[in-house]
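# Structural characterization, general
Residue strings, one per chain:
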Amino acid sequence: RNNAAIATKRVAPTMKLLDALSGRVTRGARFREYVDQSFAEVDHNANGSLDRAELHLAVMLFFDKLNAKVRKRAIPPTKAELMALFDEVDTDESGELSLEEFVVYMERLCAQCTSGLTVSLLKSFIAVPFTAIALSVGIKKVAPGMHQKIKEAKGLGSATLSFCASQIVNKVPAFAAVP
């Protein structure tokens, strides 16, 4: 019971953070500022739209700015993924993206990144700690002597449980590809 209460207490702030990340990242003024700057920096012919080459450059610049601000490195999609999204967002089928189409493009692209970040946070703050608690409880039941040794090891014991838990979670297909 005590372990479950502690785990639940740890989950609540994480769930609030996940809720805050779910799409709200792209609604802020700073996001729009970065998007506008990226667009302006690569619209080399100043025609108010981006062709495929300019778009690729704009996305790379955007990810550079994002990674300068975020501790966890965001990995940009492949060029093929970028071009597939280009085709979806180019609603007027002009072969170029206007600023407004580019904003939609970046919103969709960042929603995909936010989803990956959300899964990573779930893994780090929920799946691994819960698995470590389950390991501890299991060891206590099956091997009480080992459990006592782990408790005596203090920080090393809990670090070992956390490491084992992370190895187990990494084998779960939903988390296997998440860094």
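Residues numbered from 1 in each chain as written. Predicted model: local features only at pLDDT ≥ 70, side-chain atom pairs only at ≥ 80, totals over all residues. Heavy atoms only, no water.

### Considering the packing of aromatic side chains
With the rule as written, the count across this model stands at 2 aromatic pairs. Ring geometry for F102 versus Y105: centroids 6.4 Å apart, planes at 10°, classification stacked. A residue pair is termed a helical-turn pair when its members lie 3 or 4 positions apart in one helix, as F102 and Y105 do in helix α5 (residues 99-142) at 3 residues. A relative accessible area of 0% means that Y105 is categorised as buried. (Phe/Tyr/Trp six-rings, centres within 6.5 Å; stacked < 30°, edge-to-face > 60°. Helix = DSSP H or I, 4+ residues; strand = E, 2+ residues; numbered from the N terminus. Buried < 20%, exposed > 50% of the residue type's maximum accessible area, 1.4 Å probe, protein only.)

### Some points on the nonpolar core
Core analysis: the largest hydrophobic core is formed by 23 residues, its most contacted members being L55, V59, F62, F102, Y105, M106 and L109. Looking at this core, the elements with two or more residues in it are α2 (29-42), α3 (52-69), α4 (79-89) and α5. In terms of residue count, α5 provides more of this core than any other element does, 6 residues in total. Sequence-distant contacts of V59, defined by excluding residues within four places in its chain, comprise L82, Y105, M106 and L109. (Core = buried A, V, L, I, M, F, W, Y, C linked by side-chain atoms within 4.5 Å. Contact = heavy atoms within 4.5 Å.)

### Some points on helix α7 (residues 155-170)
Side chains three or four residues apart in an α-helix point the same way, a direct result of the helix having 3.6 residues per turn. The terminal C-alpha atoms of α7, which comprises 16 residues, lie 22 Å apart, in line with the 22 Å expected from a rise of 1.5 Å per residue. Turning to α7, its buried residues number three or more, namely G157, L161, A165, S166 and V169. (Expected span 1.5 Å × (residues − 1).)

### Brief notes about the packing of α3 against α4
Put simply, α3 and α4 touch, their axes get as near as 11 Å, and they point 115° apart. For α3 against α4, the interelement crossing comes out right-handed. Within the contact between the two elements, α3 uses R52, L55, H56, V59 and M60 and α4 uses K79, L82, M83, F86 and D87. (Axes fitted to C-alpha atoms, helices over the stretch in contact; angles between N-to-C directions. Left-handed = near helix turned anticlockwise from the far one by under 90°.)

### Notes on the pattern of salt bridges
All told, the structure shown has 4 salt bridges when counted by the stated rule. Its salt-bridge partner being E100, residue R32 comes within 3.1 Å of it at the nearest N-O pair. Taken together, the positions of R32 in helix α2 and E100 in helix α5 put the pair 68 residues apart, joining distant regions of the chain. The shortest N-O distance in the salt bridge between R108 and E88 comes to 3.5 Å. Of this pair, R108 sits in helix α5 while E88 sits in helix α4, and the two are 20 residues apart along the sequence. (Salt bridge = Lys/Arg side-chain N within 4 Å of Asp/Glu carboxyl O.)

### What about the environment of Y34?
With respect to the helices and strands, Y34 occurs in helix α2. C-alpha separation for the pair Y34 and F62, spaced 28 residues apart in sequence, amounts to 6.8 Å. With residues up to four places along the chain from it excluded, the contact list for Y34 reads F62, K65 and K69.

### Side note on α3
Helix length check: α3 (18 residues) gives 26 Å between terminal C-alpha atoms against 26 Å at 1.5 Å per residue, within 8%. The set of residues buried in α3 consists of E54, L55, A58, V59, F62, F63, K65 and N67. For α3, the side-chain oxygen to backbone nitrogen distance between the N-cap and A53 is 3.1 Å, and the N-cap itself is D51. (Polar contact = N/O pair within 3.5 Å; in protein donor to acceptor, adjacent residues only side chain to side chain.)

Everything listed here is a matter of geometry and, on its own, says nothing about what the molecule does.
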